[in-house]
Amino acid sequence: MRESNVYCEITPHDAPWEAVRGLNPKGVIMSGGPASVYEAGAPMAPSWVYESGLPTLGICYGMQVMAHQLGGRVAPSAKKEYGHAALTHAADGEPLFEGLPASMPVWMSHGDRIVEPPAGFVGLAHSENSPIAAMGNGRGMLGIQFHPEVAHTPDGRAILDNFVHGVCGCGRSWTPANFIADTVSAIREQVGDGKVICALSGGVDSAVAAALVHRAVGDQLTCIFVDNGLMRREEPERVVEAFDRHMGLNLARVNAAESFLGALAGVTDPEEKRRRIGRVFIEVFDAQAARLGRVDFLAQGTLYPDVIESETTDSKASAKIKTHHNVGGLPEDMRLQLVEPLRYLFKDEAREVGLELGLPEEMVYRQPFPGPGLAIRVIGEVTLERLETLRAADWIVMDEIKSAGLYRELWQSFAVLTDTRSVGVAGDFRTYGSVVAVRAVTSDEAMTADWSRLPYDTLARISSRIVNEAPGVNRVVYDITSKPPGTIEWE
């Protein structure tokens, strides 16, 4: 929806009208899901969806929920429909299919189907296995059995455009410039005459957050770059130099490597790593704030995927994937109030805002780097020796990716020091060394990702250099797992 220049938010299926009314919604989309509407405990839409009169689009399970709750009948299909299908519609004058061919390829993923639509609804389209692949009541209530949001439905973007603009009557006001204006105003209202410190990591998220806060409150902001000892080779120096050159902010550098490594000593569980890193970050910021005098707010570059995957109160309908150190990893007794201007943006949107703010492209298009740093790329216990091994391997991966001209094509590319050891041979002698995994993925917003088909020559150079230059490593493997089922990071 945001690609159609319309703002939207993800809301739990049981959100009451009171929680939604303040958004002044123009329409509702009910998403797909794995349940069957006739099962006990299957999630249903709240009554306000049907009582509000808002245009509503049900997608896959969302369509089945609509049919079920409004008196239609949903049943298991004799033949499940997964993958490509041909959709045929004869819905002359139906805004949802305006300007689209009568037959088009779509992507299906369902085992149930609409057997009988609710009273007042008519079928708008069909496929070979779905007699009712789209339905509507002529008053803004629409359902489609296929998935328009995936790339495998080529005309899906046009269908969603038709719904949000043609049916809901939304304008195209969700733009980076408008977001900046609204966000700057909101920050000024929240902060008032308070003092803000911002955690700068060197990535686009914290850089854009800092630029927005600085535009809103100027010298009330002090940025803090924490060298936690968990960054890549030469990165702390590069980060400080880049921010000094391009942003002109009040910037303090804090070397807290010993504190972070001490907190991680003996820890192998990735969730515990994140919690401890989150705690030490706040301790460092509290100490720095005390030196600055009165400080009231902590600004962070938290993004929407961080919120969704961490299962906060904003995302209770989604499964917890992992704790992000700047969301679920923060201590409950934190003294500073949070300012999170990017909390409802995806990475690609944050980059667009960064460019609109005038940030340099090398900063905006820097590949994402996790908040916990290399701590979650060292599988098992984090020690200085293991960090140095990983830094050497990661440097090689990045050097070869850039030399091959692939850096901007990839969402992320990095090395992982696994906790596996393997037998090898070096100089006719037996070795028993560490295994490094190389990861490179393509993505648009990090909610899904595919492994990159790197050229064999590039992989060969990476492997050869790592086993020769990274101390204690005698084997390199390449991770060819997409997200899902994997995540981009290993921990």
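Asker: How should I be thinking about the packing of aromatic side chains in this particular structure?
Answerer: A complete count under the given rule lists seven aromatic pairs for this structure. Ring centres of tryptophan 17 and tryptophan 48 lie 5.3 Å apart, and the angle between their planes is 50 degrees; this geometry places the pair in the tilted category. With tryptophan 17 in helix α1 (residues 17-20) and tryptophan 48 in helix α2 (residues 48-51), this pair connects stretches of sequence that are 31 residues apart. Note on tryptophan 17: relative accessible area 26%, which makes it partly exposed. On the basis of an interplanar angle of 70 degrees and a centroid distance of 5.3 Å, the ring pair of tyrosine 304 and tyrosine 344 is categorised as edge-to-face. In this pair, tyrosine 304 sits in helix α10 (residues 304-309) while tyrosine 344 sits in the loop between β12 (337-339) and α11 (347-356), placing the two residues 40 residues apart along the sequence. The class for tyrosine 344 is partly exposed, based on a relative accessible area of 27%. Among the aromatic residues, ring-to-ring pairing joins Tyr7, Trp174 and Phe179 into one connected group.

Asker: What am I meant to see in the side chain of glutamine 288 here?
Answerer: Within the secondary structure layout, glutamine 288 lies in helix α9 (residues 270-292). Once residues within four sequence positions are removed from consideration, glutamine 288 is found in contact with Ile224, Ala252 and Val254.

Asker: I tried to follow the layout of surface pockets on my own but got confused; where do I start?
Answerer: One water molecule sets the probe size; rolling that probe over the atoms shows where empty space is left. The volume enclosed by the second largest pocket comes to roughly 720 Å³. Residue lining of the second largest pocket: 26 residues in total, with Glu235, Arg238, Arg366, Lys402 and Tyr407 positioned closest to the centre. For the lining of the second largest pocket, the element with the highest residue contribution is helix α7 (residues 235-246), accounting for eight residues. Of the residues contributing to the lining of the second largest pocket, the split by class is nine nonpolar, three polar and 14 charged.

Asker: I would appreciate a short explanation of the confidence of the model for the chain in the present structure.
Answerer: Do not read the predicted coordinates in detail wherever pLDDT is low. A residue-level look at the chain finds 95% of positions with pLDDT of 70 or above and a mean pLDDT of 89. The low-confidence segment residues 311-329, where pLDDT is below 50, has 60 contacts with residues more than four positions distant or belonging to other chains.

Asker: Would you mind going over the side chain of arginine 465 with me for this structure?
Answerer: Relative to the elements of secondary structure, arginine 465 occurs in helix α14 (residues 456-469). Reaching out from arginine 465, the side chain makes a polar contact with the side chain of glutamate 400 at a distance of 2.9 Å. If we ignore the near neighbours within four places in the chain, the residues touching arginine 465 are Ile396, Asp399, Glu400 and Ala470.

Asker: Can you help me understand the sheet that holds strand β1 (residues 28-30) in this one?
Answerer: Spatial ordering of the open sheet is given by β1-β2-β7-β6-β5-β3-β4, a layout of seven strands whose pairing is mixed. Each having just a single partner strand, β1 and β4 (103-116) make up the two edges of the open sheet. Adjacent strand axes in the sheet meet at a mean angle of 20 degrees when their direction is disregarded. Where helix α4 (residues 156-167) meets the sheet, it contacts β1, β2 (56-59), β4 and β7 (141-144), and its direction lies at approximately 160 degrees from that of β2.

Asker: Is there a simple way to explain helix α13 (residues 384-403) in this structure?
Answerer: Each α-helix turn comprises 3.6 residues. Residues three or four places apart therefore point the same way. For α13, with 20 residues, the first-to-last C-alpha span of 28 Å sits near the 28 Å given by 1.5 Å per residue. Listing the buried residues of α13 in full gives Leu387, Thr389, Leu390, Arg391, Ala392, Ala393, Asp394, Ile396, Val397, Met398, Glu400 and Ile401. Buried residues belonging to α13 abut α8 (257-264), β13 (412-426), β14 (429-442), α14 and β16 (473-478). Phi turns positive, to about 70 degrees, at glycine 405, one or two residues after α13.

Asker: Please clarify how the environment of glycine 166 should be interpreted in this entry.
Answerer: When you line up the elements, glycine 166 lands in helix α4. For the pair formed by glycine 166 and phenylalanine 97, sequence separation is 69 residues and the distance between their alpha carbons is 9.9 Å.

Asker: What exactly am I supposed to notice about the packing of α13 against α14 here?
Answerer: Angle between the axes and distance between the axes are the two parameters that describe a pair of packed helices. For the pair α13 and α14, the least separation of the axes is 9 Å and the interaxial angle reads 155 degrees. When the axis of α13 is compared with that of α14, the two are roughly antiparallel. Handedness of the crossing formed by α13 with α14: right-handed. Side by side, α13 and α14 meet where Ala392, Ala393, Ile396, Val397, Asp399, Glu400 and Ile401 of the first sit next to Thr458, Arg461, Ile462, Arg465, Ile466 and Glu469 of the second. Across the contact of α13 with α14, the residue classes tally to seven nonpolar, one polar and five charged.

Thresholds, definitions, all that
- Along each chain, numbering runs from 1 in the same order as the chain's sequence is written.
- Thresholds applied to this predicted model are a pLDDT of at least 70 for local features of residues and 80 or more for the giving and counting of side-chain atom pairs; totals over whole chains, interfaces and linings are not thresholded and use all residues.
- Water and hydrogen atoms were dropped before computing side-chain values, which therefore reflect all heavy atoms in the structure.
- Stacked, tilted and edge-to-face are the three classes applied to pairs of Phe, Tyr and Trp rings, where Trp contributes its six-membered ring and a pair requires centres within 6.5 Å; stacked means planes under 30 degrees apart, edge-to-face means over 60, and tilted covers the rest.
- Secondary structure elements follow DSSP: runs of H or I of four or more residues count as helices, runs of E of two or more count as strands, with numbering from the N terminus.
- Exposure is judged per residue with a 1.4 Å probe applied to protein chains only, and the accessible area is read against the type maximum: over 50% gives exposed, under 20% gives buried, and values in between give partly exposed.
- Residues count as neighbours in contact if any of their non-hydrogen atoms are within 4.5 Å of one another.
- Residues are said to line a cavity or pocket when one of their atoms sits within 4 Å of a point; the points come from a 1 Å grid over protein atoms alone, cavities being sets where a 1.4 Å probe fits but cannot get out and pockets being open sets with protein on both sides within 12 Å along at least five of seven lines.
- Grid points are joined across faces, edges and corners, and a volume is the space filled by probe spheres set on the points.
- Residues were grouped as follows: Ala, Val, Leu, Ile, Met, Phe, Trp, Tyr, Cys and Pro as nonpolar; Asp, Glu, Lys and Arg as charged; and all remaining residues, including Gly, as polar.
- A residue's pLDDT is the confidence the predictor assigns to it, expressed on a 0 to 100 scale.
- Each polar contact in these results corresponds to two N or O atoms within 3.5 Å; when the atoms are within protein, one needs to be able to donate a hydrogen and the other to accept it, and residues that are neighboring in sequence are counted only if both atoms are side-chain atoms.
- We call two strands paired when DSSP finds no fewer than two bridges between them.
- Only the contacting stretch of a helix is used when fitting its axis, a line to C-alpha atoms as for every element, and angles between N-to-C directions run 0 to 180 degrees.
- Given the number of residues in a helix, its expected span is that number minus one, multiplied by 1.5 Å.
- Our angle categories are set so that under 35 degrees counts as roughly parallel, over 145 as roughly antiparallel, 65 to 115 as roughly perpendicular, and the remainder as oblique.
- By definition, turning the near helix anticlockwise from the far helix through less than a right angle yields a left-handed crossing, and turning it clockwise yields a right-handed one.

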